[in-house]
Amino acid sequence: MTRIFSGVKPTGHLTLGNYLGAVRRWADVDQHSADALFCVVDLHALTVDHDPGRVRRLSRQAATLLLASGLDPKLCTVFVQSHVDEHARLSYLLECVASDGEMRRMIQYKEKAARERTRGGSVRLSLLTYPVLMAADILAYGTAEVPVGDDQTQHVELARDLAVRFNQRYGHTFVVPRATHPVVATRVMNLQEPTSKMGKSEDVGPGIVYLLDEPEVIRKKVMRAVTDSGRDVVYDPEGRPGVSNLLEILAACESGNPEGLAGVYESYGSLKKDTAEAVVELLRPVQERHSELCADPAYVEGVLRDGAEKAREMARPTVDAAYRAIGLLSPA
Ligand code: TYM
């Protein structure tokens, strides 16, 4: 059975982008069709300025939201990255295979490091090595497919490169993974700034729909979305990023296609109204299930405990094999 691994980083509240680009597919498709692991990658949240209490709260919330979105621990493994030592163990070995130039070329590193510097802060070394830890997350499990949004493509490419390089140098150890993306909404854009990704970590504000936003808040955010100067509804992500983003979101909610939907609408107003309602209805069951699960924290904790135990067993043989292959003595 195909092994799938993916993760979400608790640096902010989960957004509609996370849901449409990744989480929904994990629940609707991946957990049914593969041997799948889904992870709250909390170590990654330490790569930028962070508040320890907030990371803890967001990690718990992210895990609860994954379950509320339909991940079923009977079908897949849900766990927290820092509960499984194999990620950090393997990351070091992969640092010995990656080059610093490769790390400095990563787009997300360049963007985030520039942002930290403009704020006058220092850039954590872990921000530079982040993609190696991500490669370790993936390679430790013999992962074949990594379902992610478009923004993670370069990181998954790096995981591929490192797997191939390690295998060539030290003997076949890792499965070479590949990224998979949703057909629509692979990059949901900020509603106020439709040329930038709707990202949870860096921004706050009216352009981001959070999974736990109240229906009225969602309606307001969508109705105030920036559209483009034209008046007709056309799907043209380059020329008309605002309206195209709404069409993508609506298409993703209704399992339609954005070009087809463009022909249905004569005004931005009616497109926004339908998109707002579609998002409210899409998120309603997730929000309901989230409040039920919040009333039962012991259940969520139990899922994470069992998940970590299963994940550890899955990762250990591959990571141990990598330790041997690279030249380290096995403990007596
Ligand atoms: P993160 O936490 O930023 O995002 C989690 C998932 O959501 C997708 N996503 C989006 N998709 C469409 N439109 C958007 N606006 C949008 N924003 C986010 C992301 O592509 C991702 O699939 N580095 C990863 C976490 C990670 C990981 C891994 C993923 C760590 N280790 C191993 C896969 C495998 C990240 O920061 O995702």
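Residues numbered from 1 in each chain as written. Predicted model: local features only at pLDDT ≥ 70, side-chain atom pairs only at ≥ 80, totals over all residues. Heavy atoms only, no water.

- An unreviewed UniProt entry lists the protein chain under the name Tryptophan--tRNA ligase, with Streptomyces ureilyticus as the source organism.
- As recorded by UniProt, the Subcellular location (unreviewed entry) comment attached to the protein chain reads in full: "Cytoplasm".
- Checking UniProt for the protein chain, the heading Catalytic activity (unreviewed entry) contains the comment "tRNA(Trp) + L-tryptophan + ATP = L-tryptophyl-tRNA(Trp) + AMP + diphosphate + H(+)". (UniProt positions renumbered as here; feature names shortened; annotations may be inferred.)

Observations concerning the overall build of the protein chain
Logical step 1: Per the secondary structure count, the protein chain includes twelve helices and five strands.
Logical step 2: Compactness check: the protein chain gives a C-alpha radius of gyration of 20 Å against a globular reference of 20 Å for 332 residues, within 12% of the reference.
Logical step 3: Its C-alpha atoms put the protein chain at 70 × 45 × 40 Å along the principal axes.
Logical step 4: When each of the 332 residues of the protein chain is scored for burial, the buried share is 53%.
Logical step 5: A separation threshold of at least 6 residues defines the contact pool for the protein chain, and within that pool the share at least 24 residues apart is 77%.
Logical step 6: Between the mean site of the 40 positive side-chain charges and the mean site of the 45 negative ones, the protein chain shows a separation of 4 Å. (Helix = DSSP H or I, 4+ residues; strand = E, 2+ residues; numbered from the N terminus. Rg over C-alpha atoms; globule rule 2.2 N^0.38 Å. Buried < 20%, exposed > 50% of the residue type's maximum accessible area, 1.4 Å probe, protein only. Contact = heavy atoms within 4.5 Å. Lys, Arg positive; Asp, Glu negative; His and termini not counted. Charge placed at Lys NZ, Arg CZ, Asp CG, Glu CD.)

What to know about the layout of surface pockets
Gaps left between atoms are located by rolling a probe of water-molecule size over the structure's atoms.
Logical step 1: Its boundaries defined by the atoms lining it, the largest pocket holds a volume of some 960 Å³.
Logical step 2: Every residue lining the largest pocket is counted, 48 residues in all, and those nearest its centre are Lys9, Gln108, Asp151, Gln152 and Lys197.
Logical step 3: Taken together, the elements giving at least two residues each to the lining of the largest pocket come down to strand 1 (3-8), helix 1 (16-33), helix 5 (107-118), helix 6 (125-139) and helix 7 (153-170).
Logical step 4: In terms of residues, the lining of the largest pocket owes the most to one element, helix 1, which gives six residues.
Logical step 5: Partitioning the lining of the largest pocket into residue classes produces 16 nonpolar, 19 polar and 13 charged. (1 Å grid on protein atoms, 1.4 Å probe; cavity = no way out; pocket = protein on both sides within 12 Å on 5 of 7 lines; lining within 4 Å. Points joined across faces, edges and corners; volume = space filled by probe spheres on them. Nonpolar A, V, L, I, M, F, W, Y, C, P; charged D, E, K, R; others polar.)

Focus on the site of the ligand
Logical step 1: In the region of the ligand, 27 residues are neighbours, and Tyr130, Asp137, Asp151, Val188 and Lys200 sit closest.
Logical step 2: At a separation of 2.5 Å, an oxygen atom of the ligand approaches a polar side-chain atom of Asp151.
Logical step 3: Gln152 places a side-chain nitrogen or oxygen 3.0 Å from a nitrogen atom of the ligand.
Logical step 4: Considered on its own, the ligand offers 710 Å² of accessible surface; in the complex 98% of this is hidden by protein.
Logical step 5: Placement of the ligand is best described as lying within the largest pocket.
Logical step 6: Listing elements by their share of the shell around the ligand, those giving two or more residues are strand 1, helix 1 and helix 6.
Logical step 7: Looking at the shell around the ligand residue by residue, the class counts come to twelve nonpolar, nine polar and six charged. (Near = heavy atom within 4 Å. Polar contact = N/O pair within 3.5 Å; in protein donor to acceptor, adjacent residues only side chain to side chain. Areas by Shrake-Rupley, 256 points an atom, 1.4 Å probe, with all protein chains shown as cover. Sits in = over half its atoms within 2 Å of the grid points.)

A short note on the packing of aromatic side chains
Logical step 1: Tallied over the full model, the rule gives six aromatic pairs.
Logical step 2: Among the aromatic residues, those joined into a cluster by ring pairs are Phe5, Phe79 and Tyr141.
Logical step 3: For Arg89, the ring lying beneath its charged end belongs to Tyr323, and the centroid distance is 4.5 Å. (Phe/Tyr/Trp six-rings, centres within 6.5 Å; stacked < 30°, edge-to-face > 60°. Lys NZ or Arg CZ within 6 Å of the ring centre and 35° of its normal.)

What about unusual backbone geometry?
Logical step 1: Of note, Ala185 is a non-glycine position whose phi angle comes to about 60°, a positive value.
Logical step 2: Note on placement: Ala185 falls in the loop between strand 5 (178-180) and helix 8 (215-223).
Logical step 3: Taking the relative accessible area as the measure of exposure, Ala185 reaches 2% and is therefore buried.
Logical step 4: Look at Ser255: it is not a glycine, yet its phi comes out positive at around 50°.
Logical step 5: Note on placement: Ser255 falls in the loop between helix 9 (241-254) and helix 10 (258-262).

A closer look at the UniProt feature "short sequence motif: 'HIGH' region" (unreviewed entry) in the protein chain
Logical step 1: When the UniProt feature table is mapped onto this chain, "short sequence motif: 'HIGH' region" (unreviewed entry) is found at residues 10-18.
Logical step 2: With 33% helix and 0% strand, residues 10-18 has end C-alpha atoms that lie 11 Å from one another.

A short note on the environment of Phe38
Logical step 1: Within the secondary structure, Phe38 sits in strand 2 (residues 35-40).
Logical step 2: With relative accessibility at 0%, the residue Phe38 sits in the buried group.
Logical step 3: In sequence terms Phe38 and Tyr323 are 285 residues apart; their C-alpha atoms lie 24 Å from each other.
Logical step 4: Setting aside anything within four residues of it in sequence, one finds Phe38 in contact with Ile4, Ser6, Trp26, Asp30, Gln31, Leu71, Cys76, Thr77, Val78 and Phe79.

Considerations on the pattern of salt bridges
Logical step 1: If you walk through the whole model with that rule in mind, you get 17 salt bridges.
Logical step 2: We note a salt bridge from Arg124 to Asp49, for which the minimum N-O separation is 3.6 Å. In this pair, Arg124 sits in the loop between helix 5 and helix 6 while Asp49 sits in the loop between strand 2 and helix 2 (52-68), placing the two residues 75 residues apart along the sequence.
Logical step 3: With relative accessibility at 65%, the residue Asp49 sits in the exposed group.
Logical step 4: Between Arg284 and Glu281 there is a salt bridge, and its shortest N-O distance comes to 2.7 Å. (Salt bridge = Lys/Arg side-chain N within 4 Å of Asp/Glu carboxyl O.)

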